[in-house]
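Residues per chain, in single letters:
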Amino acid sequence: MATAEISHHEDLVLEPISFTDIKWNVSNGDEAHDFPEVHLDGTQVKYFSAAMGMSSKRKREASLSSSAASNKQTVQNNWRHALMKARSHTDPWEKFHLEHYPTENANRHRYNALQKEWVVDQVNVKVQTESFAHGAMRECYRIKKLSNFSHNQDWRRDSNNAVIKRFLQPVDRQTYFDEVKLQMDAKLWGEEFNRHHPPKQIDFFQMAVLEFVDRPDRPLYHIENFIEGNYVKYNSNSGFVLGDDAHRHTPQALSHFTFERSGHELMVVDIQGVGDLYTDPQIHTVSGTEYGDGNLGTRGMALFFHSHICNSICTNLGLTPFDLAPSEIALLTANSSASNDVGTVSRGTEEIVVLPSQYQRTHLHEFLRMRSSSSIGSCASLTDSIGEWTANDIVEDDGNDSDGGIQLRSRLSSIGKNSIYVTSCDSPNHIENSSDSVPRRRPRLFSESSSASVTNNDEADRAAFRQSIDKKNRPSGVLAEIEARKKLWDAEEEDGEDCDEIRKQRTGGSVLGQIHLDMAKYHEMQRFTKPDSTGYDHEAAFYHLRHAADCGNLEAIITTARIALHLPHDVLPDLDLEETDKNIDMGVDYMRMAAIAGDRAALVYLAKAYDTGKGLGSRPISWTEAVHWYTEAIEAVKTSDEEGNYDGTMDDPTYQLLGRLGEMYRDGGHGLESDPAKAAEYLSSAADSAMAAMKGRLANKYYALAEEMNALIDNDEN
């Protein structure tokens, strides 16, 4: 190489020649040399000969092949080690000798949430006679269930450990089925949540009803598997939201997701369990009548949203933030947990009953310390009393008990060096430390994805379910709600429907509006007020009241109007606005919305306001408008308003409104022409109405005025 050429490469380092020294990179830009091209590692290079390139390629392929073989061997060794470890485990319930208990026949009832039907099969079980855990409402029993595929009836090898629960006090048999239906419906919404690819997949524990057919009265129990790991309550049905752990955004996003995807029809709350395997949820619905006493309806939804700020998962799922007042957002941002009440209203507020086992009595200090641990939810139990799953659980129990693909162990967390084994009872009973040396096993789940519970039409049912909720999806924001309602009205008008009917239907029917109204009422009740505060947040309360009114809630519309116009009101009775033309104009606007919806008090108010000019703000007196609203108010007596309510007529009876119409047509003015004929007609009707109401003196007055108008008509004709 010439000296002139070397001068252009000031960073050239002299080293012993290597294979790369004879490689010519195309990126050098020198195309004068026509060398063979060889592609290695995605880079286009040129060598002095193809043989050199192929030799290098063979070496690299050999290296990659050796690495792949090594990785494959490592995976095989890991699986072999896991299998040997599983086989070495003994049945943790062996010491209870459940195999010595009599075999019982039972019907297992499982619910298919897609087809909304129950599937029943027969199972053989052995049940321990004494309960091992109980709370204030339910008690739990150990049980072994024989595999349906067992041919030799070997209870030691072919059975699985499970837990059955029953209520301590007699309840209606339907209650057992309702709880299973609730959890399976929640499980279906969990699958829909997974379909939108959240960072962490979730699932709900499978539950079934077990009916002992050979026992007197055929008693019912719930059957489910215990959950291994740390049991945590992520939110409740009454507003508690766990907010002190950043990676626990998934449960809160799930509740928000179900609200929007269902079109505001329901919300899955009371999320609790181990990791992302949940159990014992609650579903709020609009009516508040389904799914037991824990269904708080829109009030429960309001409690959730008051303590929820959208997190990164909500954003990734495309969920719309719920509108909160600035003071509420500031409070939530400052506090890691919006509520200290983690209990479940109407279902989990019972006092915890905990009885120590024999082992715990000898270690009472440790028992009391663990019982007070705040990280334990529903019902924790001892490894000594519940134990773990048998080694046979690694093999399919039967076609009905697949685990649904839940990789639970990868999601479990531990506290220090301890692990807690949990089953879903109502309250803690037995809690014990389990050292790291104790083998940990993944629980078996009764999955609905079995051949017995899922028909050949399962995929079609899932597709139909997804298609139906795709049409229902509705944002949580007020602006989107207003826009959606406006589009609906415009579409109905284009279809040529009755415009008067459309106008009347522009209020009511908004679930989001009802939630905001409930939130305003909760503020008035000081539900969100700190104990040391002297009053509630008036600005936040009025903020939600306005949002409810903007969503078309009739009660909120009327209340907002009456607050702005300084009229008596039942909701937020101590709230007053400054008496300005702006606020009065706002009040008249809301009063007009209520009048269009058919509220008689609003109709009368507008009629009198346009008649006298009082409480009209910047608007002028207009008797034409007054006549319109007086007429609507008279007709409103015959019908109900949009919400189906009939207003009383004691304050403004019909005969008074008819008499005023007659007087206005008699006098004329403010844009209304005098018309003696209409005046006589209205005055005569007012007299008849007063006579029917037993107002004889007033009726005579109206008859006399009507005669005057008739006489005036006769004079004009002559």
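1. A word on the overall build of the protein
Per the secondary structure count, the protein includes 21 helices and 19 strands. Carbon and sulfur atoms provide 51% of the accessible area of the protein, an area that totals close to 35,700 Å².

2. Comments concerning the sheet that holds strand β16 (residues 277-278)
As a general point, the strands of a sheet are linked pairwise by backbone hydrogen bonds and lie either parallel or antiparallel. Read from one edge to the other, the open sheet built from 4 strands follows the order β9-β16-β15-β13, with strand pairing classed as mixed. Strands at the two margins of the open sheet, each flanked by one partner only, are β9 (203-204) and β13 (231-233). Here 2 bridges tie strand β15 (residues 272-274) to β16, and the two strands are oriented antiparallel to one another. Bridging across to β16, Val274 finds its partner in Leu277.

3. Considering the nonpolar core
Membership of the largest hydrophobic core comes to 63 residues, with the highest contact counts inside it found for Leu545, Leu572, Leu606 and Tyr702. Non-local contacts of Leu606, meaning those with residues more than four positions away in its chain, are made with Val588, Met591, Arg592, Ala595 and Trp629. By size, the runner-up hydrophobic cluster in this structure holds 36 residues, among which are Val209, Tyr234, Leu254 and Tyr278.

4. Topic: the side chain of Glu224
Along the chain, the position of Glu224 falls in strand β11 (residues 220-224). Overall, Glu224 belongs to the buried group, its relative accessible area being 1%. For Glu224, the side chain forms a polar contact with the side chain of Lys165, separated by 3.2 Å.

5. Overview of helix α21 (residues 696-717)
Across its 22 residues, α21 extends 32 Å between first and last C-alpha, which sits within 8% of the 32 Å expected from 1.5 Å per residue. Within the span of α21, buried status applies to Ala699, Tyr702, Leu705, Ala706 and Met709. What you see down the axis of α21 is that its buried residues fit within an arc of 130°, all on one side. For α21, the exposed residues lying more than 90 degrees away from the buried face are Arg697, Glu707 and Asn715. In the core, the buried residues of α21 are packed alongside α19 (654-667) and α20 (676-692).

6. Brief notes about the pattern of salt bridges
Following the criterion strictly, the structure yields 26 salt bridges and no others. Between Arg660 and Glu663 there is a salt bridge; the shortest N-O distance is 3.2 Å. With Arg660 and Glu663 both in helix α19, this residue pair falls 3 residues apart, about one helical turn. Beyond isolated ion pairs, a larger network of salt bridges with shared partners links Glu192, Arg195, Arg261 and Asp470.

7. Some words on the pairing of strand β5 (residues 117-127)
On a regular strand, each side chain points to the face opposite its neighbour's, so the side chains alternate between the two faces of the sheet. Relative to β5, strand β4 (residues 104-112) runs antiparallel, the two being bridged by 9 bridges. By the bridge assignment for β5, Tyr111 is matched with Trp118. Between the antiparallel neighbours β4 and β5 lie 4 residues, among them Lys116 with a positive phi of about 55°. In the sheet, β5 pairs with strand β7 (residues 138-146) via 3 bridges, with the strands oriented antiparallel.

8. Some words on the environment of Tyr610
For Tyr610, the position within the fold is in helix α17 (residues 600-612). It is 4.9 Å that separates the C-alpha atoms of Tyr610 and Ile621, two residues lying 11 residues apart in sequence. Beyond its immediate sequence surroundings of up to four residues, Tyr610 is in contact with Arg592, Leu616, Arg619, Pro620, Ile621, Ser622, Trp623, Glu625, Ala626 and Trp629.

9. Focus on the confidence of the model for the protein
Of all residues in the protein, 68% have pLDDT values of 70 or greater, and the mean over the chain is 77. Predicted confidence for residues 427-454 stays below pLDDT 50, and this span has 143 contacts to residues more than four positions away or in other chains.

10. Digging into the packing of aromatic side chains
Aromatic ring pairs are described here by two measures, namely the spacing of the ring centres and the angle between the planes. All told, the structure shown has 14 aromatic pairs when counted by the stated rule. Summarising the aromatic geometry, the rings of Tyr234 and Tyr278 are spaced 6.0 Å apart at their centres and angled 65° between planes, so their arrangement reads as edge-to-face. Remark: Tyr278 occurs in strand β16 and Tyr234 occurs in the loop between β13 and α4 (249-261); sequence separation between them is 44 residues. When its relative accessible area of 0% is taken as the criterion, Tyr278 is described as buried. Ring geometry for Phe305 versus Phe322: centroids 4.4 Å apart, planes at 5°, classification stacked. Here the residue Phe305 occupies a position in helix α5 (residues 297-306), and Phe322 occupies one in the loop between α6 (312-316) and α7 (326-334), the gap between them amounting to 17 residues. Its relative accessible area of 8% is what places Phe322 among the buried residues. By way of ring pairs, the aromatic residues Phe259, Phe304, Phe305 and Phe322 are connected into one cluster. Its end group placed over the ring of Phe212, Arg215 keeps NZ or CZ at 4.1 Å from the ring centre.

11. Describing the packing of helix α18 (residues 623-636) against α19
Put simply, α18 and α19 touch, their axes get as near as 10 Å, and they point 155° apart. The orientation of α18 relative to α19 falls into the category roughly antiparallel. As for how α18 packs across α19, the hand of that crossing is left-handed. Residues Trp623, Ala626, Val627, Tyr630, Thr631, Ala633 and Ile634 of α18 pack against Thr654, Leu657, Leu658, Arg660, Leu661, Met664, Tyr665 and Asp667 of α19. Class assignment of the residues belonging to the contact of α18 with α19 gives a composition of 11 nonpolar, 2 polar and 2 charged.

12. Digging into the pairing of strand β10 (residues 208-212)
Burial runs high along β10: 5 of the 5 residues are buried. Side-chain alternation along β10 places Ala208, Leu210 and Phe212 on one buried face and Val209 and Glu211 on a second face that is also buried. The sheet contact formed by β4 and β10 spans 4 bridges and is antiparallel. Across the sheet, Ala106 pairs through a bridge with Phe212, a residue of β10.

13. Structural notes on the packing of helix α3 (residues 173-195) against α4
The geometry of α3 relative to α4 is characterised by a closest axis approach of 10 Å and an angle of 100° between their N-to-C directions. Considered as vectors, α3 and α4 are oriented roughly perpendicular to each other. In this structure, α3 contributes Trp189, Glu192, Phe193 and Arg195 to the contact, and α4 contributes Thr250, Ala253, Leu254, Phe257, Thr258 and Arg261. Per-class residue counts for the contact of α3 with α4 are 5 nonpolar, 2 polar and 3 charged.

Parameters at a glance
- Residues numbered from 1 in each chain as written.
- Predicted model: local features only at pLDDT ≥ 70, side-chain atom pairs only at ≥ 80, totals over all residues.
- Heavy atoms only, no water.
- Helix = DSSP H or I, 4+ residues; strand = E, 2+ residues; numbered from the N terminus.
- Areas by Shrake-Rupley, 256 points an atom, 1.4 Å probe, with all protein chains shown as cover.
- Pairing = 2+ DSSP bridges.
- Core = buried A, V, L, I, M, F, W, Y, C linked by side-chain atoms within 4.5 Å.
- Buried < 20%, exposed > 50% of the residue type's maximum accessible area, 1.4 Å probe, protein only.
- Contact = heavy atoms within 4.5 Å.
- Polar contact = N/O pair within 3.5 Å; in protein donor to acceptor, adjacent residues only side chain to side chain.
- Expected span 1.5 Å × (residues − 1).
- Arc of directions from axis to C-beta.
- Salt bridge = Lys/Arg side-chain N within 4 Å of Asp/Glu carboxyl O.
- pLDDT = per-residue confidence, 0-100.
- Phe/Tyr/Trp six-rings, centres within 6.5 Å; stacked < 30°, edge-to-face > 60°.
- Lys NZ or Arg CZ within 6 Å of the ring centre and 35° of its normal.
- Axes fitted to C-alpha atoms, helices over the stretch in contact; angles between N-to-C directions.
- Parallel < 35°, antiparallel > 145°, perpendicular 65-115°, else oblique.
- Left-handed = near helix turned anticlockwise from the far one by under 90°.
- Nonpolar A, V, L, I, M, F, W, Y, C, P; charged D, E, K, R; others polar.

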